[in-house]
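# Tertiary structure, described
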Amino acid sequence: MARNKVDQCNTEPLDWALFILTIISTHVTWWLLPLPRLYTHGFRTYIHDVSWDCLRLQAPSYVAYLACGGQERANWQTCYYTGIKKPTTRFGDIKAFVKDSLVVVSTCLALYRLCAGGSDKDLSGLNSSLWMYPSLPVAIYGLFISIFARTQVKLWIVAVSSLTFLILLAIAIALIIAFTYGRGIWIPCTMLMLFMTLPTWAIAPKLLAMAIFFSTFARIGGMVIGAVSPGAYFPFCALRGWGFAGPVLALALIALILGVYGLQLKPRSDTVEVVEEMKEIP
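Keep in mind the model is a prediction, meaning the values are calculated, not measured. (Residues numbered from 1 in each chain as written. Predicted model: local features only at pLDDT ≥ 70, side-chain atom pairs only at ≥ 80, totals over all residues. Heavy atoms only, no water.)

Our focus in this paragraph is the overall build of the chain. From N to C terminus, the chain includes 15 helices and zero strands. For the chain, buried positions account for 46% of its 282 residues. Sequence-distant contacts, at least 24 apart, represent 75% of the contacts inside the chain between residues at least 6 apart. Working note: accessible area of the chain is about 13,800 Å², and carbon and sulfur atoms make up 72% of it. (Helix = DSSP H or I, 4+ residues; strand = E, 2+ residues; numbered from the N terminus. Buried < 20%, exposed > 50% of the residue type's maximum accessible area, 1.4 Å probe, protein only. Contact = heavy atoms within 4.5 Å. Areas by Shrake-Rupley, 256 points an atom, 1.4 Å probe, with all protein chains shown as cover.)

Our next topic: the confidence of the model for the chain. Here the chain shows a mean pLDDT of 81. Residues at 70 or above account for 85%. Here residues 272-282 is modelled with pLDDT under 50, and outside its nearest four sequence neighbours on either side it reaches three contacts, counting other chains as well. (pLDDT = per-residue confidence, 0-100.)

Right, let's talk about the environment of F19 for a bit. Looking at the secondary structure, you find F19 in helix α2 (residues 13-27). Given a relative accessible area of 8%, F19 falls into the buried group. Along the chain, F19 and F236 lie 217 residues apart, while their C-alpha atoms are 9.0 Å from each other.

What follows is about helix α14 (residues 242-261). Each full turn of the α-helix corresponds to 3.6 residues, which orients residues three or four apart in the same direction. Taking 1.5 Å per residue as the helical rise, α14 with its 20 residues ought to reach 28 Å, and the 27 Å between its terminal C-alpha atoms agrees with that figure. Taken together, the buried positions of α14 are F244, A245, V248, A252, A255, L256, L258 and G259. Taken together, the buried residues of α14 touch α2, α3 (29-32), α5 (43-58) and α13 (208-228). (Expected span 1.5 Å × (residues − 1).)

Packing of α5 against helix α6 (residues 60-68) brings their axes to within 5 Å, and their N-to-C directions diverge by 125 degrees. It follows that α5 is oblique to α6 by the angle criterion. Listed contacts from α6 to W52, L55, R56, L57 and Q58 of α5 are P60, Y62, V63 and L66. By residue class, the composition of the contact of α5 with α6 is seven nonpolar, one polar and one charged. (Axes fitted to C-alpha atoms, helices over the stretch in contact; angles between N-to-C directions. Parallel < 35°, antiparallel > 145°, perpendicular 65-115°, else oblique. Nonpolar A, V, L, I, M, F, W, Y, C, P; charged D, E, K, R; others polar.)

The next thing to look at is α5. Here α5 spans 22 Å end to end across 16 residues, near enough to the 22 Å set by a 1.5 Å rise per residue. The buried fraction of α5 is high, at 13 of 16 residues.

Here we take up a nonpolar patch on the surface. There is a patch of nonpolar side chains on the surface, built from I167, L168, I171, L175, F179 and L198 and spanning about 590 Å² of accessible area. Its place among the elements puts L198 in the loop between α11 (186-197) and α12 (200-203). (Patch = residues over 30% accessible without salt bridge, like charges linked within 9 Å, V, L, I, M, F, W, Y side chains within 5 Å. Salt bridge = Lys/Arg side-chain N within 4 Å of Asp/Glu carboxyl O.)

In this structure, the largest pocket spans a volume of roughly 420 Å³. Taken together, 20 residues make up the lining of the largest pocket; nearest its centre are R37, T82, F91, G92 and K95. Listed by contribution, the elements that provide at least two residues to the lining of the largest pocket are α4 (36-40), α5, α7 (76-82) and α8 (90-116). When its residues are assigned to classes, the lining of the largest pocket shows eight nonpolar, six polar and six charged. Empty space within the second largest pocket amounts to approximately 310 Å³. In terms of lining, the second largest pocket is formed by 16 residues, of which the most central are S61, A64, Y65, Y141 and A159. Listed by contribution, the elements that provide at least two residues to the lining of the second largest pocket are α6, α9 (136-148), α10 (155-181) and α12. Here the lining of the second largest pocket takes five residues from α10, the largest share from any one element. (1 Å grid on protein atoms, 1.4 Å probe; cavity = no way out; pocket = protein on both sides within 12 Å on 5 of 7 lines; lining within 4 Å. Points joined across faces, edges and corners; volume = space filled by probe spheres on them.)

What follows covers the nonpolar core. Counting 49 residues, the largest nonpolar core has W30, Y62, Y80, Y133 and I177 as its most contacted members. If we skip the residues at most four places from it in the chain, Y133 touches T107, A170, I173, A174, I177, C189, T190 and M193. Counting twelve residues, the second largest nonpolar core, distinct from the first, contains I220, A227, F234 and V248. (Core = buried A, V, L, I, M, F, W, Y, C linked by side-chain atoms within 4.5 Å.)

Our next topic: the packing of α2 against α13. Taken N-terminus to C-terminus, the directions of α2 and α13 make an angle of 135 degrees; their axes are 11 Å apart at the nearest point. Classified by the angle their axes make, α2 and α13 are oblique. Two packed elements cross with a definite hand, and for α2 against α13 that hand is left-handed. Here T22, I23, S25, T26 and H27 of α2 lie close against α13, whose contacting residues are R219, I220 and M223. (Left-handed = near helix turned anticlockwise from the far one by under 90°.)

This paragraph deals with the packing of aromatic side chains. The tally for this structure, following the rule as stated, stands at eleven aromatic pairs. Seen in terms of ring centroids, Y62 and W201 are 5.2 Å apart; in terms of plane orientation they differ by 75 degrees. Their pairing is edge-to-face. In this pair, Y62 sits in helix α6 while W201 sits in helix α12, placing the two residues 139 residues apart along the sequence. An angle of 80 degrees between the planes, with centres 6.1 Å apart, marks the rings of F195 and F214 as edge-to-face. With F195 in helix α11 and F214 in helix α13, this pair connects stretches of sequence that are 19 residues apart. Looking at F195, the relative accessible area reads 25%, which means it is partly exposed. (Phe/Tyr/Trp six-rings, centres within 6.5 Å; stacked < 30°, edge-to-face > 60°.)

And the structure:
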């Protein structure tokens, strides 16, 4: 049956709110928030921080391992979000909250929009209401690290509790969507969320670059396919076509390349602190 293009283009304010939050959290924060370091610390430091953030967005469990394994507990939060070995600050807490809140709020809006849209609405498995759903582990890992960095709970307990919470959350959301629609719409997004959650890199470390590729697709696949495919639900008809999908795909490819480059990075010391320490050496 042909789609009703008029109904499909009838976007609501909630659709646009979800769309804007998705664009900001997926394609803006990773290069914008570290931008001040380009002027204060130089291009090389900026590339380090941007690459680290891209890696965090694409392989959150791996970055959580790098941030917490072998690091002082006071540095966990800053290492996870920025790749810098130093205790967090109030401003760092605010930036971490902004990054995670964008993902969590987008996910809540997406699930509400999906479940409140009516089971008779024409939807695809790559529905725009599920764009941010697979990115939820990025925020949840950050939330657990931020909380437990201020406690003395053992690291293995933090790892097991965060994994368990994310798996249970994925199951709960899948059940909500399944009972609302019952069309199998929950299958692809749940698989992508579990893929973003589970430390598959620990099983096959050499396949980590491939895992980053699939994580990139999990974050932007629905948006790009929706914009260029007539078979996918995409309510923003003015943005249909490669005029919108092209720049989105280009930014995603840049983030993918930087994420792969980030695989060789380790948490760094703050450049200013390093310079000051070197000046003290006689």
